Amino acid sequence: MKRFEQKGETFQMKKVVPAILAVMITASGGASALAAETTSPVASSSVSTFSDVKSGYWAEKHIYKLAAQGIVLGQNGQFKPGNNITRQEAITMAIRFAGADRELGSIEAATLPTGLTVNNYFKPYVDLAIKQGIIKSAEEKDVDGKSWGTQPASREWVTKILVRAIGKESEAVASSTPTSFADNANIAKDNVGYVSTAVKLGIAQGVENNKFNPTGAVTRAQMATFFSRAEAYITPTYAGATTGIVTGLTDSSLTLLADGTSTTYALDTKTAYFTADSDKQVQASSLQLYTRVMAAGTGGKAAYVEIVDPKAQVETITGQFDRITGTNTLFLRTENDYPKYEYDPSTAFLDQNGNKIEAKSISAGSTISLLRETYSGAGRILTIQVTSGNVSKKDTGTITSVDSATGTVTFAASTGLSESYKWDASTIIRYQNEILSAADLKAGSKVSYTIENNIIRTIEVTQSVERTITASLYQTSTDGSTLTYKTDSGALEVKLVAANVLVTIDGKTAQLSDLIADKTQGDRVSLTLNGSGEVTQIVVQNREATQLTFASVSSYDSATGVLAVIDSTGKPYAFTLNANTKLTYNAPTPTLKGIEPLLVKGRGVNVTAVGSRLLSIEIVDRYEGVIQQVNNGNSALELKLDSGTIVKLPYGAVSTVVQAYGINNANMSNLKVGDRVVASLYSDRVALQSVALQTTKQFRVTSVNPSNNRLTVEQNGVATSIVVDNKSIQNAQGTQIGYAGLVTGGLVDVTFSGQEVSKVRVSDSVIGSIQSIDNATRTVTVSTSNGAIRTYSAANSALSVNQNGTVISGIGSLSTGQHVQAVVQPDGSTSFTVLSALSKSFWKYDSLTQTVYVKITPGTNERNTFKLAPDAWIHQGSANISVQSLAGDDKIVLYLNNNVVYELVKQ
């Protein structure tokens, strides 16, 4: 007897449940199930198919097993394991699972009793179930005007069809014995015999506290688990599924032999592995040759693999090899006899390490092991392996270790098995025609090698592993794709730079542009090269260079090339420019003659120097920071840059252009302390040419036009069309999402630099209910739609409440239990909009217009249509549901703001 439990209910299986009882489970309940039920079964191809079935979920094995067998379907990537099964779904799934759907008639030909209604698609299935006696028309009727088919399948109802399907109805009808459950009185009188019989047969047991819970619903996860385990008692056949003996196994494929036919499946990182006696995943390494395994999937790929019996179906014969004669006949040598064994062309001959060899390479007297299968009755010899004796061969593989003390190299051979051989004085080791020593061999290197009489004769390194070089940086390409370094011997070498190269200076992560390349005094660097010779890591060692950012020119002498600068702390420096100094300023071809007129007192510069020699200089003509002071008396703008540096920039009251979103003819008087700005200087003098004020405004998206990089937004009834690049659009967490991540009707924070849009970020907005309010600390705690707890504090930013269109500062008008939308404003404050509740009966949903229709009292002026917000929270209790799952007459509560539904709760 097999017993299993899940989520508070226990089932037992003693009998083989007929296939008609197994279930084809779709990934949605209620109304939305119809869409999935009307599509052909498609097996899940990976254990991550269903986004709502997380790794380690208690029913994960059974859900994905049935998915891989093509029994369960998904909808929009979800399985919805907590949803209940309806009667029409249960019947339909049972017919499909059994393969009885071949007997189905058309929807038009289906005949159902009067008063027994189901959705059109399910009619042929229910008609067939009645004909097969799984349900009886006299017992199944619509109740209170509600469709029979859409009602949840109860535990006692499922028990009844189980007993009928296994041919035990006569016993159930004859049984008058009440069950021992504490709630026996709650079991319908006509169903007591079925429940009693089911318990007696061990098909079902009760739940907690010795109760049966007869009217309780059955969840999708419970059904998947029940019928997955029921497969142990039947022999179902599913397309794409095979149960057999493992006769071939690699990292990427699995071959099973079943009924004389071999089937090969591809394996990948998405394949899920389980054992028959556990619900927890195991590693792919648990698979072994010649064990019994079930594999299932589509397109030749195994999505699910289950080890049915881990015992290898083989036996081993060990002896001393004598000879091979005739056609595939091998003789062993014993003290008194020469037993012979027949093998066939498929028999593999292996050396000590499991690598294939020719039969003729086995030396007489070698000890060998014969592996003979026991699963087919033919007793075929599968492998003949040398366990001791001389080996001569050629192979490819990977070096896993080099032991210089014993003169041994260990290889991972082409078969994946490990083997070790010694080298001697005659061993030749090469890499790209260069002769190496054994000390040059590194673990991880790809090699081809030759073995003669157990000794390594040659090793050819075909792909080396990473190595480290110490040198001086000589030059880097403009696009950063190559670099040139000078070795200690003075030789120049050029290497490709890997796309994800890691640069470290003084223990901190840096960029390629931070490196100092010079013909005589470039950075001393440690370069890490991968097996392809690309530079993957650069570590600057003991840098002696001086790097100054946002320094200012004190003076420049063009005759001597001496440049005097003052850093941000006021410390003076003197450097010398020459023809080798790298120059950067606003010119397509920078020259020393061209930069000299720009080196006037007060000009901002970034410089890199070694000693007094200037390696590079960059003219700074643009500053971004926060205004510290606007000194109209001295006509100077003081900024604090992100680096902490303070700069003072002179301006002209008329000549300096101020750009600010929403302000026509802005000027310096529109700037205030704390504003963030981008300040640009004239190219020919140290004076402000323009100041762009950075502002952020909140809008609601009305339309998107990615092809033209245009976004239409609305604020206070005024529509605005803005231009924004796809890469400048982010979610609330700051991750790039582009136009595809925007939702019409959603809130966004648009950041302007002057009149230009620099960034669009989805507003930080949540819907939930207030859990607590602490007036002492001025904090509000909200339980959000994603299950998280969010705390808002007036100590950090202002809080306000919008109630019935009236905005109130502070949180005094809020109360625990209120349903709200909390939106963080661009200035960091938070606004709570209190949602008003309206209880109604659901009628229908128009997905085209995103409109919810509710039933109203005839003859009244009640509103019966409500627009659904794009981020509306729709749920029943703590479980999120889709609006499509709602059915007519469902009791719902709408939480509204301006007649827009922000939260919908199914009662």
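Preceding block: the structure.
Residues numbered from 1 in each chain as written. Predicted model: local features only at pLDDT ≥ 70, side-chain atom pairs only at ≥ 80, totals over all residues. Heavy atoms only, no water.

(A) Representation of the packing of aromatic side chains in the model. Taken as a whole and assessed by the stated rule, the structure comprises 16 aromatic pairs. Ring geometry for Phe50 against Tyr64: centres 5.6 Å apart, planes inclined by 20°, an arrangement best described as stacked. Placement of Phe50 in the loop between helix H1 (33–37) and helix H2 (60–68) and of Tyr64 in helix H2 is noted, with a sequence separation of 14 residues between them. Each of the two residues, Phe50 as well as Tyr64, counts as buried. Taking 5.7 Å as the distance between ring centres and 90° as the angle between the ring planes, the aromatic pair formed by Trp843 and Tyr853 counts as edge-to-face. Of this pair, Trp843 sits in strand S51 (residues 836–846) while Tyr853 sits in strand S52 (residues 851–855), placing them 10 residues apart in sequence. Pairwise contacts between aromatic rings join Phe50, Tyr64 and Phe79 into one cluster. If you follow Arg220 out to its NZ or CZ, it ends over the ring of Phe79, 5.3 Å from the centre. Across from the ring centre of Trp843, 4.6 Å away, lies the NZ or CZ of Lys844, which sits over that ring. (Phe/Tyr/Trp six-rings, centres within 6.5 Å; stacked < 30°, edge-to-face > 60°. Helix = DSSP H or I, 4+ residues; strand = E, 2+ residues; numbered from the N terminus. Buried < 20%, exposed > 50% of the residue type's maximum accessible area, 1.4 Å probe, protein only. Lys NZ or Arg CZ within 6 Å of the ring centre and 35° of its normal.)

(B) Highlighting helix H4 (residues 123–131). Restricting attention to buried positions, one finds in H4 the residues Pro124, Tyr125, Val126, Asp127, Leu128 and Ala129. In the segment just after H4, Gly133 is the residue with positive phi, at about 80°.

(C) Structural view of the nonpolar core. By size, the foremost hydrophobic cluster in this structure holds 25 residues, and its most contacted members are Ile91, Val126, Ile134, Ile135, Trp148, Trp157 and Val158. Listed by contribution, the elements that provide at least two residues to this core are helix H3 (87–98), H4, helix H5 (155–165) and helix H7 (192–201). Here the element with the most residues in this core is H5; it accounts for five residues. In terms of nonpolar packing, the next biggest core, distinct from the first, is built from 20 residues, Ile627, Leu637, Val647 and Ala679 among them. (Core = buried A, V, L, I, M, F, W, Y, C linked by side-chain atoms within 4.5 Å.)

(D) Up close: unusual backbone geometry. Notably, Lys80 is not glycine yet its phi reads approximately 55°, a positive angle. With a phi angle near 55°, Asn213 is a residue other than glycine that sits in the positive phi range. With respect to the element layout, Asn213 can be found in the loop between H7 and helix H8 (220–230).

(E) Quick look at the sheet that holds strand S14 (residues 381–388). Strand order in the open sheet formed by six strands is S11-S10-S9-S13-S14-S12, and the pairing between neighbours is mixed. Edge strands, defined here as strands with exactly one partner in the open sheet, are strand S11 (340–342) and strand S12 (348–350). Across the sheet, the mean angle separating the axes of adjacent strands is 40° when strand polarity is ignored. Here strand S9 (residues 314–325) runs beside strand S10 (residues 329–333); their pairing, made up of five bridges, is antiparallel. Within the sheet, the bridge partner assigned to Arg323 lies in S10 and is Phe331. (Pairing = 2+ DSSP bridges. Axes fitted to C-alpha atoms, helices over the stretch in contact; angles between N-to-C directions.)

Interpretation in functional terms is not warranted from these geometric data alone.
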